[in-house]
Amino acid sequence: MPSLYLHRFSFAFTVVTFLSLSLPFRLSAQYSSFNFTEATVDSIQAAFRSRSLTSAQLVRYYLSVIQNLNPHLRAVIEVNPDAVTQAAKADLERERHPNNRNRLHGIPILLKDIIGTADKLNTTAGSFALLGSVVSRDSGVVRRLRKVGAVILGKASMSEWAHFRSETAPNGWCARSGQGINPYVASATPCGSSSGSAIATAANLVTVTLGTETDGSILCPAAANSVVGIKPTVGLTSRSMVIPISPRQDTIGPICRTVRDAVYVLDAIVGYDVYDSKATKEAAKYIPKGGYRRFLNFDGLRSKRIGILREGFFNFSKNSVQAKVFEQHFSLMRKNGAMLIDNLQIVNTSVILDYNQSGEELATVAEFKVALNNYLSQLTSSPVRSLSDVISFNEKHKKEEKIQEYGQLIFLASESTNGINSKVRNAISNMARLSSKGIETLMKEKQLDAIVTPDATVSSILGIGGYPGISVPAGYDKKGVPFGITFGGLKGYEPRLIEIAYAFEQATKVRKPPSFKGQFQIISDL
């Protein structure tokens, strides 16, 4: 596994020693007045105000936990060598301005290794091909995080190239950090592509994280690792200086342990960005006055009309844990005032869920080459300047990039495209029609506030139309593997979805931290 302090221009592997489990708990005892496990933004801010904890202490604690657990979990690619300095700066600002009320001030955050930072951290999409590249500026979301005083703790691992290099590479694998591990059950998928963000949040390696989604990459790892993921309406958050797949579908959102913390992060990162002007200007109309925090209502399920998409989604055997748990959840939602409309169907669901039939595969493969080449052209320096260069790099470094095992067929298919031609435009138009006749017609005719599905099974429906969704922990199967519930809606429906997700979370209190049962053993490099 590469060192967490890997130099920007280094290409060498170093061994990270798997440390004793005592370190985090020894530090916890040092700051005995504060409970680090499952710490929330609010609990941390309360400790800051009472002077029982500083941001620098918090960062040092998380760095120790990462050093301790990451050699097994592989959730973090790099930690920021300036994180403690940033935290100390936040502490000084708090001393000088004790009435600072921004919730993320002094809070450590991990970023998916696709989100650009103009600092000492690399931004590589988990690939050695981009190691040493230098972004020309902070990404739009990072600029907003720095503005509110958040501490950039490091870069989270991910499915390499957002799982867009190869269909055969496993979820959570990237060349730079190896195979990410689900902290609940090691043999279970961590899902992806924002796997490291979800693993790190679930395992308490950090307070909050950011992920990205094109189709399922926030919702799926959130469900698989028993955390909360918000996939915002496309354009609500800037994609500037974020390694792209499809500007038509890409979005950046929070992955956190609670809905409240996720909403705090969402409030900090939404808004217009001149470097992503078209999308962020169009979506700015959806941002509510006063932000999203006011929709954190315990009574948020009351009078909400929620459509259950049964066929093709809730396909569990009658006696399974999932079938029983979801029926219990539906009953609870009704008791809390929600009106559930059952057995609804979206027209042409089978077509939408088939990447080839919907046109999503054709469109994204073509969009990727154009978008990636544009991103690479904006870098101050980079060992690769085009998708073709990346493909060549991988061929020269087959061992490190596991080309023989996983290949790069999607890259090759994308490189063979020639811009956004008539076939691609027709595919995009087809997805727009599927969305209009599908989810939009259903939700408007039934006057729905949300649709509900298990895990991230609805991701393609939300993805091709740029619609929002929130995944919340729903339960654990017989082996202890987490599963989630996703509430989805139309563009700009975030306030309704937040009310529903928060009220559901507060009523069920499903999430529990991982026990790491049977997982702590020294493992070879994956």
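Being a predicted model, the structure only gives us computed values, none of them experimental. For every chain, the first residue of its written sequence is number 1, and the numbers climb from 1 along that sequence. Restriction of local features to residues with pLDDT of at least 70 applies here, the model being predicted, together with a cutoff of 80 or more for giving and counting side-chain atom pairs; totals for whole chains, interfaces and linings are based on all residues. Side-chain measures here rest on the full set of heavy atoms in the structure, leaving out hydrogens and waters.

Student: Help me out: how do you make sense of the overall build of the chain in this one?
Tutor: For the chain, the count of helices and strands is 21 helices and 13 strands. Our radius of gyration is a C-alpha quantity, and the globule rule it is checked against amounts to 2.2 Å times the number of residues to the power 0.38. The C-alpha atoms of the chain give a radius of gyration of 22 Å, which matches the 24 Å a tight globule of 526 residues would have. On the principal axes, the C-alpha backbone points of the chain span a range of 55 × 55 × 45 Å. Buried residues in the chain amount to 62% of all 526 residues. A sequence separation of at least 24 residues applies to 78% of the contacts in the chain between residues at least 6 apart. Secondary structure counts use DSSP, requiring at least four H or I residues in a row for a helix and at least two E residues in a row for a strand, with both numbered from the N terminus. To sort residues, take the accessible area from a 1.4 Å probe on protein chains only and compare it with the maximum for the residue type: under 20% means buried, over 50% means exposed, and anything in between is partly exposed. Contacts are assigned to residue pairs that have any heavy atoms within 4.5 Å of one another.

Student: Even after reading the chapter, I still don't get the packing of aromatic side chains, so can you show me in this structure?
Tutor: Aromatic rings in a pair are described by how distant their centres are and how their planes are angled relative to each other. Each aromatic pair joins two rings of Phe, Tyr and Trp (for Trp, the six-membered one) with centres within 6.5 Å, and gets the label stacked for planes under 30 degrees apart, edge-to-face for over 60, and tilted for any other angle. The final tally for this structure, using the stated rule, is 16 aromatic pairs. With 6.4 Å between their ring centres and 70 degrees between their planes, Phe314 and Phe316 make a pair best called edge-to-face. Summarising the aromatic geometry, the rings of Phe487 and Phe504 are spaced 5.7 Å apart at their centres and angled 65 degrees between planes, so their arrangement reads as edge-to-face. Taken together, the positions of Phe487 in strand β13 (residues 482-488) and Phe504 in helix α21 (residues 494-508) put the pair 17 residues apart, joining distant regions of the chain. Residues Phe487 and Phe504 agree in their burial class; the two are buried. Linked through ring pairs, Phe314, Phe316, Phe326, Phe330 and Phe483 together constitute an aromatic cluster. The positively charged end of Arg310 is found above the aromatic ring belonging to Phe314, 5.9 Å away from the centroid. Whether a charge lies above a ring is judged from NZ of Lys or CZ of Arg, which has to be within 6 Å of the ring centre and within 35 degrees of the ring normal. For Lys512, the ring lying beneath its charged end belongs to Tyr476, and the centroid distance is 4.7 Å.

Student: Sorry if this is basic, but what is going on with the UniProt feature "domain: Amidase" (unreviewed entry) in the chain here?
Tutor: UniProt positions are given in the numbering used here, feature names are shortened, and annotations may be inferred rather than shown by experiment. On the UniProt side, "domain: Amidase" (unreviewed entry) is annotated at positions that read residues 58-456 here. Here residues 58-456 is 41% helix and 13% strand, with 32 Å between the C-alpha atoms at its ends.

Student: Would you mind going over the packing of helix α9 (residues 259-269) against α21 with me for this structure?
Tutor: In a packed pair of helices, the relevant descriptors are the angle between the two axes and the axis-to-axis distance. Contact pair α9 / α21: the axes reach a minimum separation of 9 Å and the direction vectors enclose 150 degrees. Taken as axis vectors, α9 and α21 run roughly antiparallel relative to one another. Contacts between α9 and α21 involve Val259, Arg260, Val263 and Leu266 from the former and Ile498, Ala501, Tyr502 and Glu505 from the latter. Put simply, Ala, Val, Leu, Ile, Met, Phe, Trp, Tyr, Cys and Pro go in the nonpolar bin, Asp, Glu, Lys and Arg in the charged bin, and everything else, Gly too, in the polar bin. The residue makeup of the contact of α9 with α21, split by class, is 6 nonpolar, no polar and 2 charged. Angles shown run from 0 to 180 degrees and are taken between the N-to-C directions of axes, each axis being a line fitted to C-alpha atoms and, for helices, limited to the stretch in contact. Orientation categories follow fixed angle ranges, with anything under 35 degrees roughly parallel, anything over 145 roughly antiparallel, 65 to 115 roughly perpendicular, and all other angles oblique.

Student: Sorry if this is basic, but what is going on with the sheet that holds strand β7 (residues 228-231) here?
Tutor: Strand pairing in a sheet relies on backbone hydrogen bonds. The paired strands run either parallel or antiparallel. Note on pairing: two strands pair once DSSP finds at least 2 bridges between them. Ordered by their spatial adjacency, 11 strands build an open sheet running β1-β3-β2-β6-β8-β7-β12-β13-β11-β9-β10, and the pairing between neighbours is mixed. Here the strands that pair on one side only, and so sit at the sheet edges, are β1 (76-79) and β10 (339-344). Between one strand axis and the next, the sheet turns by 25 degrees as a mean value, whatever way the strands run. Along the sheet face, α21 touches β7, β9 (305-309), β11 (450-454), β12 (469-476) and β13 and points at about 15 degrees away from the line of β12.

Student: Looking at this model, I keep getting lost on the state of the cysteines. Mind explaining?
Tutor: One way to say it: the disulfide is the covalent bond shared by the sulfur atoms of two cysteines. In this description, a disulfide is simply a cysteine sulfur pair whose atoms lie within 2.5 Å. Taken as a whole and assessed by the stated rule, the structure comprises 1 disulfide. Disulfide pairing places Cys191 opposite Cys220 at an S-S distance of 1.8 Å. In this structure the cystine formed by Cys191 and Cys220 twists about its S-S bond by roughly 95 degrees; its chirality is therefore right-handed. A residue pair is termed long-range when its members are at least 10 positions apart, and Cys191 in the loop between β5 (178-179) and α7 (195-202) and Cys220 in helix α8 (residues 219-224) qualify at 29 residues. Take Cys174: it sits in no disulfide, and the sulfur closest to it among the cysteines is that of Cys191, at 15 Å. A disulfide-free cysteine, Cys256 has its sulfur positioned 17 Å from the sulfur of Cys220, the nearest such atom. Assessed through its relative accessible area of 0%, Cys256 is described here as buried.

Student: Got a minute to help me understand the nonpolar core in this structure?
Tutor: By size, the foremost hydrophobic cluster in this structure holds 149 residues, and its most contacted members are Leu210, Met333 and Phe487. Residues within four places of Met333 in sequence aside, it is in contact with Leu301, Ile306, Ala338, Leu340, Ile485, Phe487 and Phe504. Among the buried residues, those of types Ala, Val, Leu, Ile, Met, Phe, Trp, Tyr and Cys that are joined through side-chain atoms within 4.5 Å form a nonpolar core.

Student: I tried to follow α7 on my own but got confused; where do I start?
Tutor: Residues three or four positions apart in an α-helix share a direction because the helix packs 3.6 residues into each turn. With 8 of 8 residues buried, α7 is to be regarded as a mostly interior element. Residues of α7 that are buried: Ser195, Gly196, Ser197, Ala198, Ile199, Ala200, Thr201 and Ala202. Structurally, α7 contributes buried residues whose contacts are with α3 (55-73), β2 (108-112), β3 (151-156), β6 (208-213), α8 and β8 (251-256).

Student: Help me understand a nonpolar patch on the surface, please; the structure alone is not making it clear to me.
Tutor: Patches here are clusters of residues that have more than 30% relative accessible area and form no salt bridge, with a 9 Å joining cutoff for like charges and a 5 Å cutoff for nonpolar side chains (Val, Leu, Ile, Met, Phe, Trp, Tyr). Where accessible areas are quoted, they stem from the Shrake-Rupley method and a 1.4 Å probe; at the residue level, only the protein chains shown are allowed to cover. Salt-bridge detection follows one rule: a side-chain nitrogen of Lys or Arg within 4 Å of a carboxyl oxygen of Asp or Glu. Together, Tyr272, Val274 and Tyr275 make up an exposed nonpolar region whose accessible area comes to about 340 Å². Take Val274: it is sitting in the loop between α9 and α10 (277-283). Judged by relative accessible area, Val274 falls into the exposed class, the value being 54%.

Student: What is the right way to look at unusual backbone geometry in this model?
Tutor: Among all residues except glycine, the phi angle is most often negative; among peptide bonds, the trans geometry is most common. Here the bond from Gly192 into Ser193 is cis, since omega is 15 degrees, no more than 30 degrees from zero. For Ser193, the location among the structural elements is in the loop between β5 and α7. Although it is not a glycine, Trp161 sits at a positive phi angle of roughly 50 degrees. One can find Trp161 in helix α6 (residues 160-163). Residue classification places Trp161 among the buried positions, given a relative accessible area of 2%.

Student: How do you make sense of the pattern of salt bridges when you look at a structure like this?
Tutor: Where charged atoms from two side chains of opposite charge approach closely, those side chains can pair. If you walk through the whole model with that rule in mind, you get 24 salt bridges. One salt bridge connects Arg248 with Glu367, and the closest N-O pair in it is separated by 2.8 Å. Residue Arg248 is found in the loop between β7 and β8, and its partner Glu367 is found in helix α14 (residues 360-377); the two are separated by 119 residues along the sequence. When its relative accessible area of 9% is taken as the criterion, Glu367 is described as buried. Each of the salt bridges in this network shares a partner with another, and the network as a whole consists of Asp42, Arg103 and Arg260.

Student: For this particular structure, what's the right way to read α21?
Tutor: Compared with the 21 Å implied by 1.5 Å per residue over 15 residues, the 21 Å span of α21 between its first and last C-alpha is a close match. For α21, the buried fraction is high: 12 of the 15 residues fall into the buried class. Among all positions of α21, only Glu494, Pro495, Leu497, Ile498, Glu499, Ile500, Ala501, Tyr502, Ala503, Phe504, Glu505 and Thr508 are buried. Under the convention used throughout, the expected extent of a helix is 1.5 Å for every residue step, that is, one less than its residue count.

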